[in-house]
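The lines below spell out each chain.
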Amino acid sequence: MPSSRPARSRACSRRGGARYPTARKLAAVAAGHAPVVLANGTEGEPASAKDKVLMTRSPQLVLDGAVLAAELVGARETVIVVHRATRRTIDDAVAERARARFDRVRIRVRTAADRFVAGQASAVVHWVERGVPAPMASPPRICERGLGGAPTLVQNVETLAHLALIARYGAAWFRSVGTPAEPGSMLVTVLGAVREPVCAEIAIGTPIVQALDLAGGPSAPLQALLLGGYFGDWVSAAMAMDRPFSSAGLAEVGAGTGAGLIAALPAGACGLKETARVVRYLAGESAGQCGPCRFGLDAIAGQVERLAHGRGAEPGLLQRWLGQVDGRGGCAHPTGVIRLIRSSLRIFDAELRQHAMGWCSGTASVLPVPAGRSR
Ligand SMILES: Cc1cc2nc3c(=O)[nH]c(=O)nc-3n(C[C@H](O)[C@H](O)[C@H](O)COP(=O)(O)O)c2cc1C
Ligand code: SF4
């Protein structure tokens, strides 16, 4: 797990990776009757540490944001769902507030399920209500009918921390860093072939090379970067280095900021093998409720493994399956996995040709996959 650097948090909305504007969600939930706020600190993404670092270092800031959101929408209760690594810190922080009789809003804490899809908004609701860490069918949308049938605001814990800071220091302060179109800062996790993996706060629009410097710089010549997360995109190192880490800056190279991951792939690793390991893991994380996700991802993972290990893959078949599964399923899980695969096929085309000839020089394993869950 990366070490942490001081996080002088400044910015705002939608830091869970899904890019839905916070203000719009607040307004939708506030319009409903007796709403509830759910702070999403699940951080199911194995390569990301930002929410754990935030909740460990600044638990009261997250709670301030959750309580503030509850007051904004008129909720009497907020439920904080936290990664097990941070449960004790959050419990202590909640107890401190209770002793000081600080809040009128009731705060309830739940430990998150340790699965990739458990952090999807409706899966968090499902987990809290029934102990099932799987997405629920939509409609109804959870902002209309979520926890206990009440309109529910699900917001990432980093988003809530930014909300608390905006309330404290104002909009002008918030806009004093970042870009005019994407103001503020965000937490990033930088790992892979860097000297000192780190979780740090950067102004939105910071060049990627500077984010790598926060992790001591590359520890080896780099060939590519995985940006955003396991639903993110591979970008060649040459293309990525000077790009601003912002939605607009990364869109030009077909990527996005996602959950703030920057994973550096050294020249000595094989991007196809890295992708195959992650895809196998993600296929195993399907909640198993939708056919395209349950069976499609498993079959696709098999083809990606064949490509990665030069074992007679059928690229045409893989492309067909990607097209058939993309956009299907009850949540964005299959689409996210397919996005990762498509970017790997774009960026690692030289490896694809080498593998077809039975040659691969890649040895290192860079991307973390939970033990016992990959083949
Ligand atoms: C498969 C899947 C997994 C997700 N995991 C997380 C997660 O671990 N933490 C998180 O905050 N959001 C996660 N999300 C996004 C949530 O559905 C939701 O959009 C987010 O918590 C809203 O927060 P924000 O608007 O503040 O970014 C996930 C989405 C999908 C499709
Ligand atoms: S797409 Fe996959 S993860 Fe999402 S609800 Fe369906 S089975 Fe579950």
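Reference entry: report on the structure contained in this document. The structure presented is a predicted model; accordingly, all values stated were derived computationally and were not measured. (Residues numbered from 1 in each chain as written. Chains lettered and ligands numbered in written order. Predicted model: local features only at pLDDT ≥ 70, side-chain atom pairs only at ≥ 80, totals over all residues. Heavy atoms only, no water.)

Strand pairing in a sheet relies on backbone hydrogen bonds, with the paired strands running either antiparallel or parallel. A sheet is described by the order of its strands in space; here four strands give the open sequence S4-S3-S2-S5, paired in parallel fashion. What marks the edges here is a single partner per strand, and that holds for strand S4 (106–111) and strand S5 (152–156). Direction aside, the axes of adjacent strands within the sheet are offset by 20° on average. Across five bridges, strand S2 (residues 36–41) lies against S5 in parallel orientation. Looking across to S5, one finds that alanine 39 is bridged to glutamine 155. Docked against the sheet, helix H5 (residues 121–130) engages S2, strand S3 (77–82), S4 and S5, running at close to 95° with respect to S4. (Pairing = 2+ DSSP bridges. Helix = DSSP H or I, 4+ residues; strand = E, 2+ residues; numbered from the N terminus. Axes fitted to C-alpha atoms, helices over the stretch in contact; angles between N-to-C directions. Contact = heavy atoms within 4.5 Å.)

Attention now goes to the environment of valine 304. Position of valine 304 among the secondary structure elements: in helix H12 (residues 291–309). Considering only alpha carbons, one finds valine 304 and isoleucine 341, 37 residues apart in sequence, at a separation of 8.0 Å.

Our next topic: helix H1 (residues 22–30). Every buried residue belonging to H1 is among Thr22, Leu26 and Val29, and all of these are buried. Buried residues of H1 fall within an arc of 75° about the axis and therefore sit on the same side. Facing away from the buried side of H1, by more than 90 degrees, are the exposed residues Ala23 and Arg24. Here the buried face of H1 lies against helix H3 (59–73), S5 and helix H6 (157–169). (Buried < 20%, exposed > 50% of the residue type's maximum accessible area, 1.4 Å probe, protein only. Arc of directions from axis to C-beta.)

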